[in-house]
Amino acid sequence: MKVILVEDESGVRLLLRKIIEKNKEFQVVGEADNLTDAVTLFNRTRPDVVFLDIEISGESGLQCARIIADLNPKTKIIFATAHGEYMSNAFEVYAFDYLLKPFNVERVDQTLQRILDLSKQKEAESLEKIVKYEKGLNKLLVKGKESMSFVDIKDIILVQRENSSTVIYTARDSFTTSAGLREIEEKLDEEQFMRSHKSYIINVSQIRKIEPYGRWTYIVTFKDLKQDALMTQEKYEEIKKRFL
């Protein structure tokens, strides 16, 4: 994870850098000692985490935090300051944490670990699960922990396995799920969709071209999608019979 340090004391920046970079999951990609440079640095590096003092060269770190939050609300802002009286103000701008000087190394490590734990949790939650086929609506409901996506079945072009997950592609969107291909295949019309390969389900009506890829394999390209798919010799013969 990329980190920037916004602090007007060079000794404090050095201490923070040493603490942070003991953890191999984090890399300090830049430092700034004033608000203007901090915003410029943020725009250039797009960090995941910002360590920020409340007062920076006579300027307001809270104002800097507001600017950063507007640029990217997902940035984790950690105030690192000697001014405990601003804590309530800090959380009004959705600060992730508030560390008081002089820093306790263990306390900083705890904050970094919380960031890592949260990141891993979100990665796991992003693997959404298809839970229901809305037959009357001809939609698949892709349900996550805090979201639901309704996918028009007629818009699905390709379903494929990627990195131990399944991705559903339409012309404009993609949806990641932990469901297996077989589970999805059971919800699709076999007249419109084909399991062309162990790792692919394709919308037959969206096929643009089928070409040889290997001795026993073909590659399928689609009209409205850059991704392509593989097709076995057996499925190639099957689709020929369907259309010839």
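Because the structure is predicted, anything quoted here is derived from the model rather than measured. (Residues numbered from 1 in each chain as written. Predicted model: local features only at pLDDT ≥ 70, side-chain atom pairs only at ≥ 80, totals over all residues. Heavy atoms only, no water.)

### A short note on the sheet that holds strand 6 (residues 76-81)
Then comes step 1: Strands sit in the order 2-1-3-6-7 across an open sheet of five strands; the sheet is parallel. The open sheet is flanked by strand 2 (27-32) and strand 7 (97-100), the only strands paired with a single partner. Adjacent strand axes in the sheet meet at a mean angle of 20°, parallel and antiparallel pairs treated alike.
Then comes step 2: For strand 1 (residues 2-6) and strand 2, the ladder comprises five bridges, and the chain directions are parallel. (Pairing = 2+ DSSP bridges. Helix = DSSP H or I, 4+ residues; strand = E, 2+ residues; numbered from the N terminus. Axes fitted to C-alpha atoms, helices over the stretch in contact; angles between N-to-C directions.)

### Focus on the packing of aromatic side chains
Then comes step 1: Throughout the structure, instances matching the rule amount to two aromatic pairs.
Then comes step 2: Taking 6.2 Å as the distance between ring centres and 40° as the angle between the ring planes, the aromatic pair formed by Phe 79 and Tyr 98 counts as tilted. Here Tyr 98 lies in strand 7 and Phe 79 lies in strand 6, a separation of 19 residues in the sequence.
Then comes step 3: Relative to Tyr 236, the ring of Tyr 218 lies with its centre 3.9 Å away and its plane at 10°, an arrangement referred to as stacked. Taken together, the residues span a long stretch of sequence, with Tyr 218 in strand 17 (residues 217-222) and Tyr 236 in helix 7 (residues 233-243) at a distance of 18 residues. With respect to class, Tyr 218 is no different from Tyr 236; both count as buried. (Phe/Tyr/Trp six-rings, centres within 6.5 Å; stacked < 30°, edge-to-face > 60°. Buried < 20%, exposed > 50% of the residue type's maximum accessible area, 1.4 Å probe, protein only.)

### So, the packing of helix 2 (residues 35-45) against helix 3 (residues 61-71)
Then comes step 1: Here helix 2 crosses helix 3 at 20°, and the two axes come no closer than 10 Å. Regarding the angle of helix 2 to helix 3, the classification is roughly parallel. Crossing geometry of helix 2 relative to helix 3 is assigned as right-handed. Across the interface between the two elements, Leu 35, Ala 38, Val 39, Phe 42 and Asn 43 of helix 2 pack against Gln 63, Cys 64, Ile 67, Ile 68 and Leu 71 of helix 3.
Then comes step 2: Considering only residue class, the contact of helix 2 with helix 3 consists of eight nonpolar, two polar and no charged. (Parallel < 35°, antiparallel > 145°, perpendicular 65-115°, else oblique. Left-handed = near helix turned anticlockwise from the far one by under 90°. Contact = heavy atoms within 4.5 Å. Nonpolar A, V, L, I, M, F, W, Y, C, P; charged D, E, K, R; others polar.)

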